[in-house]
Number of protein chains: 2
Amino acid sequence: MTTAKIDNVTVTTQASVYFDGKCVSHGITFADGTKKSVGVILPATLTFNTGAPEIMEGVGGECEYLLTGATEWVKSGAGEKFSVPGNSSFQIRVAAPYHYICHFG
Amino acid sequence: MTTAKIDNVTVTTQASVYFDGKCVSHGITFADGTKKSVGVILPATLTFNTGAPEIMEGVGGECEYLLTGATEWVKSGAGEKFSVPGNSSFQIRVAAPYHYICHFG
């Protein structure tokens, strides 16, 4: 089941632009202070470093990801999630826009 | 005064991606049903067509815009707004990311 909308949040109007725009996200904050982001990755292969652990939830398109220490790329699409440990990194590759919600912690 | 955050909205998780990602926005809906978007334009010169009239409000960076029928490019930055008539078009050029809120109607 894909999360198409998120209600009752505060949106940060300025986007975060990574890798010359290959990844663009907007931060959202829930009433309880929880922070997430909604973003899109455009066709590219990118490496992200994590501070806090992250859960990536696909909401459109699909990606393949490779966690540090893993040997196989794994597909993940809309309605699917994958977890990335904190203080780690992962590669992600995308052939068409992959839309996601990033959950932290 | 720059609008850094917008409270109590529903965010559409899937982004709108225009011009191969030179413009990326996320839609937001207010409690009263009003729709706006928050987006970013990356370095490029782009032409947008309007259906409804639009007010572009800068929240980061700056742009230059040229309305249909105008002869001079006009600068607009964070905390500034410009209006575009409905059923019209405008060109916008940006040397560094320009973050905006788009108000419709």
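Preceding this paragraph is the structure being described.
On a predicted model such as this, the values are computed, not experimentally measured, just so you know.

Moving on, we get to the interface of chain B and chain A. At the interface, 27 residues of chain B touch 27 residues of chain A. Between chain B and chain A, the buried area comes to about 2,200 Å², and carbon and sulfur atoms account for 60% of it. The interface formed by chain B and chain A includes 0 salt bridges. At the junction of chain B with chain A, the criterion picks out 16 residue pairs in polar contact (both at pLDDT 80 or more). Breaking the side of chain B that touches chain A down by element, the ones donating at least two residues are β1 (5–12), β3 (23–30), β4 (35–41), β6 (54–60) and β11 (98–104) of chain B. At 8 residues, β1 of chain B tops the list of elements feeding residues into the side of chain B that touches chain A. Its residues assigned to classes, the side of chain B that touches chain A comprises 13 nonpolar, 11 polar and 3 charged. Bridge count for strand β1 (residues 5–12) of chain A against β1 of chain B is 5 bridges, and the pairing is antiparallel.

A word on the relation of the copies chain B and chain A. Note: a rotation about an axis with an accompanying shift along it relates these two copies of the chain. Once chain B is rotated about the relating axis by 180° and shifted along it by 0.0 Å, it coincides with chain A to within an RMSD of 0.0 Å. Such a turn and shift between the copies fits a two-fold axis. Residues of chain B ranked by C-alpha distance from the rotation axis are headed by asparagine 8 of chain B, positioned 2.3 Å from it. Looking at the interface residues of chain B, 100% of them are also at the interface in chain A, so both copies use one shared face.

What counts and what doesn't
Throughout this description, residue numbers start from 1 for each chain and increase along the sequence as written. Chains carry letters from A onward and ligands carry numbers from 1 onward, assigned in written order. Predicted model: local features are reported for residues with pLDDT of at least 70 only, side-chain atom pairs are reported and counted for 80 or more only, and whole-chain, interface and lining totals are derived from all residues. With hydrogens and water set aside, each side-chain value is computed from the structure's full complement of heavy atoms. The contact definition used throughout considers only heavy atoms, calling two residues in contact when any of these lie within 4.5 Å. Buried area is calculated as the accessible area (1.4 Å probe) missing from two parts once they are joined, with the contributions of both summed. We define a salt bridge as a contact between a side-chain nitrogen of Lys or Arg and a carboxyl oxygen of Asp or Glu at a distance within 4 Å. Any pair of N or O atoms that falls within 3.5 Å is considered a polar contact. Within protein, one atom must be able to donate a hydrogen and the other to accept it, and sequence-neighbouring residues count only if both atoms are side-chain atoms. Think of it this way: any DSSP run of H or I at least four residues long counts as a helix, any run of E at least two long counts as a strand, and we number them from the N terminus. Note that Gly is not counted as nonpolar here; it falls among the polar residues with everything else outside the nonpolar set of Ala, Val, Leu, Ile, Met, Phe, Trp, Tyr, Cys and Pro and the charged set of Asp, Glu, Lys and Arg. In this analysis, strands are considered paired if DSSP registers two or more bridges between them. Alignment of the copies relies on least squares applied to C-alpha atoms, considering only residues that score at least 70 for pLDDT in both.

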